[in-house]
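Structural features, examined
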Amino acid sequence: MTRPRRHRRPPLRRRLAVTASAAVAAVALAVCAGAYAVTVYTLHRQFDLQLTQAATLAIQRDRAGGPGVQAGECRYLAAPACAQLVPESAADDPREGYLLPVGDAVRQVAGRHRAPYYGTASVAGRPVRVLTTPAREGLAMQVALRSDGVRRAERQAAWLLGVIGGAGVPVAALLGYWVSRSGLAPVTRLTSTAERITATRDAGLRIELPAVERGREDEITRLAVSFNSMLDALEESLAAQRRLVADASHELRTPLTALRTNAEILLRAERLTAGQRERATGALTRQLREVTTLVNDLIDLARDEEPRQALEPVRPAALLEHSVAAARDHWPHVVFVLDTAPSAASALAAAVPSRLTRLFSNLLGNAAKFSPAGGRVEAAVLRPAGDGRLEITVRDHGPGIDPADLPHVFDRFYRARTARALPGSGLGLAMARQIAHSHGGELTAHPADGGGALFRLVLPVEADADPHG
């Protein structure tokens, strides 16, 4: 079976050039046609006006003579006109013949039964234009002028405008090519840059933009700016992905090495005492749990945002209360205190309950990790008056955040010098900020007054829950 041939569309530049050329050529030809029509109309109008003036002059010179030829010089181009008087009745015609043709319409004008009119005739083999108009009672005046000069002027105008229109077609083609070349130059640069990025996988390439005052860019320039912004985002995303892979591989290397070591030890279980086997099994279990937690955290961090269909109205204060209760069980040596303002207890927010609970658990766990035995972790939920947001704070009384570490506390895998000996992967706070952003909130870290660290979460709320619901 033979495949049908697919016709490739012409390039955009060629199509734009053809379209622009056709449009300019059509306009040029239309202008020439319009100019020719106006020229012909003007020539005929002026000629008819000249003929009317000649008829008026001939009527004024009529001295009550009889019908017949009054002037017969219209055989010559330079002559003013030829004129004749025609009676209403053929019985009153002179014995000499008429110079211009006489018909019933002429008799009707003489009898005032028809309005004046223009016509054409031939005198001595020359074309003339004739005006028939009433003269004295019972007579019609016919005045004629040679019209071959007008016809010659029409032909000259047609030839001249035809040459102009014909010359306009190649000019239109050149203009169309110039328009397509200059108009699509930014698109060409954009296409070339995209092709180079595809070939080299180098997201650092950018489209060169002309120096244009902001707010006066054209559509193509704005497209190029948007493309460059997209490349900036792509380059940043690729860099973040490479950092994530590098950091994840670095963090996984230590627990995987420990897992392999303990697994190899357990392979020789017959050589170990019961206590050694128990310690190796416990270490293996802990390391498996750490690796599982790390992998789950990485999967959660790979999410860009929460699925819209998973959002539901929840009470953040209730979720925080549940998280504090769970933290008390997990960190028995730390005292957790929760203070919820009455105006904030019933506030509703659109959120994924499990994810928001994860955010609170990460903040509380981070605070407990840096708290000494018997230390306090204080959580509070506030709702500023007249503000459609909820403010949740978690504060510990530990060593606090070093000013050098403060800009990096939410970076993935970042661990302060004081935290490197503590358990964890360095992903908890990064995950907390990502969950906050996906819910339209903002999570920030601050040194607390009197020592310790303070984390503040500002979360938008939608309404208040029904107190009886």
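A few points on the structure.

What follows is about the overall build of the protein chain. Tallying secondary structure elements over the protein chain gives ten helices and 13 strands in all. Looking at the protein chain as a whole, 36% of its 469 residues qualify as buried. Of all intrachain contacts in the protein chain linking residues separated by at least 6 positions in sequence, the fraction that spans at least 24 positions is 65%.

The relation between two aromatic rings is expressed through the spacing of the ring centres and the mutual angle of the planes. The tally for this structure, following the rule as stated, stands at zero aromatic pairs. The residue whose ring lies beneath arginine 114 is tyrosine 117, and the NZ or CZ to ring-centre distance is 4.3 Å.

What the rule picks out here adds up to five salt bridges. A salt bridge links arginine 129 to aspartate 48, with the shortest nitrogen-to-oxygen separation between them at 2.5 Å. A residue pair is termed long-range when its members are at least 10 positions apart, and arginine 129 in strand β4 (residues 126-134) and aspartate 48 in helix α1 (residues 12-61) qualify at 81 residues. By the burial criterion, arginine 129 is buried, and aspartate 48 matches it. For arginine 146, the salt bridge is made with aspartate 148, and the minimal N-O distance between the two is 2.5 Å.

Here we take up the sheet that holds strand β5 (residues 139-146). If you trace the five strands from one edge of the open sheet to the other, you get β1-β2-β5-β4-β3, paired in antiparallel fashion. Only two strands of the sheet have a single partner each, and these edge strands are β1 (68-72) and β3 (117-123). Mean inter-strand twist for the sheet, computed between neighbouring axes without regard to direction, equals 25°. As judged from the seven bridges shared by β4 and β5, these two strands associate in the antiparallel manner.

Moving on to the nonpolar core. Core analysis: the largest hydrophobic core is formed by 42 residues, its most contacted members being Phe336, Leu359, Leu364 and Phe455. At seven residues, helix α9 (residues 353-369) tops the list of elements feeding residues into this core. Here leucine 359 is in contact with Ala432, Ile435, Ala436 and Leu457, once residues within four sequence places are set aside. Phe47, Ala54, Ala55 and Ala83 belong to the second-largest nonpolar core, a separate cluster that totals 15 residues.

Here we take up helix α7 (residues 316-330). Compared with an ideal rise of 1.5 Å per residue, which puts 15 residues at 21 Å, α7 spans 21 Å between its outermost C-alpha atoms and is within 8% of the ideal. Residues of α7 that are buried: Pro316, Ala317, Leu319, Leu320, Ser323, Val324 and Ala327. Relative to the axis of α7, the buried residues are bounded by an arc of 155° and lie together on one face. Across α7 from its buried face, at more than 90 degrees, point the exposed residues Glu321, His322 and Asp329.

Turning next to the pairing of strand β8 (residues 347-351). Two faces belong to every sheet, and in a regular strand the side chains alternate between them. Judged by how many residues are buried, β8 sits mostly within the fold: four of five residues are covered. Two elements, strand β6 (residues 312-314) and β8, share three bridges in a ladder whose sense is antiparallel. Of the residues in β8, the one forming a bridge with valine 314 is alanine 349.

Right, let's talk about the environment of histidine 44 for a bit. Examined against the element boundaries, histidine 44 turns out to sit in helix α1. Separated by 103 residues in sequence, histidine 44 and serine 147 place their C-alpha atoms 9.4 Å apart. Apart from the residues lying within four places of it in its own chain, the contact partners of histidine 44 are Val150 and Glu154.

Thresholds, definitions, all that
Residues numbered from 1 in each chain as written. Predicted model: local features only at pLDDT ≥ 70, side-chain atom pairs only at ≥ 80, totals over all residues. Heavy atoms only, no water. Helix = DSSP H or I, 4+ residues; strand = E, 2+ residues; numbered from the N terminus. Buried < 20%, exposed > 50% of the residue type's maximum accessible area, 1.4 Å probe, protein only. Contact = heavy atoms within 4.5 Å. Phe/Tyr/Trp six-rings, centres within 6.5 Å; stacked < 30°, edge-to-face > 60°. Lys NZ or Arg CZ within 6 Å of the ring centre and 35° of its normal. Salt bridge = Lys/Arg side-chain N within 4 Å of Asp/Glu carboxyl O. Pairing = 2+ DSSP bridges. Axes fitted to C-alpha atoms, helices over the stretch in contact; angles between N-to-C directions. Core = buried A, V, L, I, M, F, W, Y, C linked by side-chain atoms within 4.5 Å. Expected span 1.5 Å × (residues − 1). Arc of directions from axis to C-beta.

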